[in-house]
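# Examining the three-dimensional arrangement
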Amino acid sequence: MKIEKNTAVTLRFKVSDAQGKLIEENKEPMVYLHGGYGNTLPKIEEALDGREAGYQTTLALAAEDAFGLRDEDLVRTIPRSQFPPGVKVGGQLEGQGSDGRKQVFNVAKIKGDTVILDANHPLAGKALRFTLKVTDVRLASDDEIAHQHVHGEHGHHH
């Protein structure tokens, strides 16, 4: 079966920086609903469209095609006194962005009496290399299409 809109695609992947240093390798397969639902990067969907199980490729993506360019407006410096004791670098906090929507901030740095929060994706601003192997392709269920994501093993659970 070919990968096309409304198919559930199972992938194994590795993510490396532009120099080939491994950043992440999935232990469990990733399953996503193909067809512009925002469940994976658009350039990955584009590269896999029309392919079948067994297909392998390596994509070199510029930062803007991966997790975007860094946006310094997403970095905030907050007084440490506004945080509970035990705040640590690497922790995550939920807050509001400048548009009022919910946003996840990573604790990037603690410097004296200030905490620097960053809502950029940790890989924003980086050119990345994705090594992909398609292990399965199947038709998505009507329920998965209605919910715009894959259900079940390695997918989303309600």
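Everything below is about the structure printed above this text.
What comes next concerns the included structure. (Residues numbered from 1 in each chain as written. Predicted model: local features only at pLDDT ≥ 70, side-chain atom pairs only at ≥ 80, totals over all residues. Heavy atoms only, no water.)

### Digging into the overall build of the protein chain
As a reminder of what qualifies: Helix and strand labels come from DSSP, where a helix needs a run of H or I of at least four residues and a strand needs a run of E of at least two; each type is numbered from the N terminus. Three exposure classes are used, based on accessible area relative to the maximum for each residue type with a 1.4 Å probe and protein chains only: buried under 20%, partly exposed in between, and exposed over 50%. Any two residues having at least one pair of non-hydrogen atoms within 4.5 Å are treated as being in contact.
When its secondary structure is counted, the protein chain shows two helices and nine strands. For the protein chain, the N- to C-terminal ordering of α and β elements is β-β-β-α-β-β-β-β-β-β-α. The principal-axis extents of the C-alpha atoms in the protein chain amount to approximately 55 × 40 × 25 Å. Burial statistics for the protein chain: of 158 residues in total, 35% are counted as buried. Considering only contacts in the protein chain between residues 6 or more positions apart, those separated by 24 or more positions represent 61%.

### Thoughts on the nonpolar core
Note the threshold: Side-chain atoms within 4.5 Å link the members of a nonpolar core, which is a set of buried Ala, Val, Leu, Ile, Met, Phe, Trp, Tyr and Cys residues.
Membership of the largest hydrophobic core comes to 19 residues, with the highest contact counts inside it found for Leu 11, Ile 44, Leu 48, Phe 130, Leu 132 and Val 134. For this core, the secondary-structure elements that each account for two or more residues are strand 1 (7–17), helix 1 (42–48), strand 4 (56–61) and strand 9 (128–139). Ranked by the residues each element gives to this core, the list is headed by strand 9, at five residues. Contact partners of Val 134, with chain neighbours within four places excluded, come to Ile 3, Val 9, Thr 10, Leu 11, Leu 48, Glu 52, Ala 53, Gly 54 and Tyr 55.

### Some thoughts on the sheet that holds strand 8 (residues 114–118)
Strand pairing in a sheet is mediated by backbone hydrogen bonds. Such pairs are either parallel or antiparallel. To keep things clear, this is the line we draw: A strand pair is defined by DSSP finding two or more bridges across the two strands. Note on method: axes are straight lines fitted to C-alpha atoms, helices fitted across the in-contact stretch only, with angles between N-to-C directions ranging 0 to 180 degrees.
Across the sheet, which stays open at both edges, the four strands sit in the order 5-8-7-6 with antiparallel pairing between neighbours. Edge positions in the open sheet fall to strand 5 (75–79) and strand 6 (92–96), since each of these has one partner strand only. Strand-to-strand twist across the sheet, computed as the mean angle between neighbouring axes with direction ignored, equals 40°. Looking at chain direction, strand 5 and strand 8 are connected through five bridges and run antiparallel. When the bridges of strand 8 are listed, Thr 77 appears paired with Ile 116.

### What about the pattern of salt bridges?
We apply this condition: For salt bridges, the criterion is a side-chain nitrogen of Lys or Arg within 4 Å of an Asp or Glu carboxyl oxygen.
On inspection of all chains with the given rule, the structure shows four salt bridges. Notably, a salt bridge pairs Arg 70 with Asp 118, separated by 2.9 Å at the nearest N-O pair. Of this pair, Arg 70 sits in the loop between strand 4 and strand 5 while Asp 118 sits in strand 8, and the two are 48 residues apart along the sequence. Classification of Asp 118 as buried rests on a relative accessible area of 11%. Beyond isolated ion pairs, a larger network of salt bridges with shared partners links Arg 70, Glu 72 and Asp 118.

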